[in-house]
Amino acid sequence: MSKIERSILEFLHDILEFATGLQRNIASISKEDFFQNEMAINYAERNFEKIGEAVSQIQKRDPNILFIGNNNKSYWENTKGVRNRIIHEYWGTSLDMIYDICLYDLEELKEYVQIVIDYLEKKDN
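Rules used throughout
- Residues numbered from 1 in each chain as written.
- Predicted model: local features only at pLDDT ≥ 70, side-chain atom pairs only at ≥ 80, totals over all residues.
- Heavy atoms only, no water.
- Helix = DSSP H or I, 4+ residues; strand = E, 2+ residues; numbered from the N terminus.
- Rg over C-alpha atoms; globule rule 2.2 N^0.38 Å.
- Buried < 20%, exposed > 50% of the residue type's maximum accessible area, 1.4 Å probe, protein only.
- Contact = heavy atoms within 4.5 Å.
- 1 Å grid on protein atoms, 1.4 Å probe; cavity = no way out; pocket = protein on both sides within 12 Å on 5 of 7 lines; lining within 4 Å.
- Points joined across faces, edges and corners; volume = space filled by probe spheres on them.
- Core = buried A, V, L, I, M, F, W, Y, C linked by side-chain atoms within 4.5 Å.
- Phe/Tyr/Trp six-rings, centres within 6.5 Å; stacked < 30°, edge-to-face > 60°.
- Axes fitted to C-alpha atoms, helices over the stretch in contact; angles between N-to-C directions.
- Parallel < 35°, antiparallel > 145°, perpendicular 65-115°, else oblique.
- Left-handed = near helix turned anticlockwise from the far one by under 90°.
- Nonpolar A, V, L, I, M, F, W, Y, C, P; charged D, E, K, R; others polar.

Trainee: Residues and numbers for the overall build of the chain, please.
Mentor: Scanning the chain for helices and strands turns up six helices and zero strands. The linear arrangement of helices and strands in the chain, starting from the amino end, is α-α-α-α-α-α. In terms of overall dimensions, the chain is globule-like: its C-alpha atoms have a radius of gyration of 15 Å, near the 14 Å expected for 125 residues. Along the three orthogonal principal directions, the C-alpha set of the chain runs to about 45 × 30 × 30 Å. Going through the 125 residues of the chain one by one, you find that 41% of them count as buried. If you take every contact in the chain between residues at least 6 apart in sequence, the share linking residues at least 24 apart comes to 76%.

Structure, rendered in structure tokens:
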């Protein structure tokens, strides 16, 4: 199986898609319902893994491009850190943290990603 090369723009659009899905499917249910819903927990964890991996892949292709959206390096490291924690420290991952990110942090992420998308699309035209 060959690896398909993906562009930074494709990864950015992926992040928007995953974040929007999390907002739609997780932020719309109560915290108590989330804690009791294994499918919702798995969905959230998987989408955070994909967001973190997309950020990592973007940084491999251009270590500075994400700073156009938010020039705070720790913001992007924390975004990847959620993925790393879910994968490497799954036993210590807080469901409260995952739920709260869905409720309070994804809109900001989407805004930063959209700034980078707009920059790249303008640059290419």
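Trainee: Describe the layout of surface pockets, listing the residues and the values that go with them.
Mentor: In this structure, the largest pocket encloses a volume near 280 Å³. Along the walls of the largest pocket sit Lys3, Ile4, Glu5, Arg6, Phe11, Asp14, Phe18, Lys50, Glu53, Ala54, Gln57 and Arg61, which together make up its complete lining. At the level of secondary structure, the elements contributing two or more residues to the lining of the largest pocket comprise α1 (8-25) and α3 (38-61). Considered as a void within the structure, the second largest pocket measures approximately 180 Å³ in volume.

Trainee: Which residues make up the nonpolar core, and what values go with them?
Mentor: Judged by nonpolar contacts, the single largest core of 35 residues is most densely connected at Leu12 and Phe48. For this core, the elements supplying multiple residues, two or more each, are α1, α3, α4 (73-88), α5 (95-104) and α6 (106-124). Not counting residues up to four positions away in its chain, the partners in contact with Phe48 are Leu22, Val82, Arg83, Ile86, Ile98, Ile101, Cys102 and Leu106.

Trainee: Lay out the packing of aromatic side chains in plain terms, naming residues and giving numbers.
Mentor: Applying the stated criterion to the full structure yields four aromatic pairs. Seen in terms of ring centroids, Tyr75 and Trp76 are 5.0 Å apart; in terms of plane orientation they differ by 90°. Their pairing is edge-to-face. Exposure remark for Trp76: the relative accessible area of 0% places this residue in the buried category. Seen from their ring centres, Tyr75 and Tyr112 are 5.0 Å apart, and the 90° between their planes marks the pair as edge-to-face. Separated by 37 residues along the polypeptide, Tyr75 in helix α4 and Tyr112 in helix α6 bring together distant segments of the chain. Take Tyr112: its relative accessible area is 17%, and that puts it in the buried class. Linked through ring pairs, Phe34, Phe35 and Tyr99 together constitute an aromatic cluster.

Trainee: I'd like to hear about the packing of α1 against α3, residue by residue, with values.
Mentor: Between α1 and α3, the least distance of the axes is 9 Å, while the angle of their chain directions is 160°. With respect to α3, the element α1 is oriented roughly antiparallel. Note that α1 runs across α3; the crossing there is left-handed. Contact with α1, carried on its side by Ile8, Phe11, Leu12, Ile15, Phe18, Ala19, Gly21, Leu22 and Asn25, involves Tyr43, Ala44, Asn47, Phe48, Lys50, Ile51, Ala54, Val55, Gln57, Ile58 and Arg61 of α3 and no other residues of that element. Split by residue class, the contact of α1 with α3 holds 14 nonpolar, four polar and two charged.

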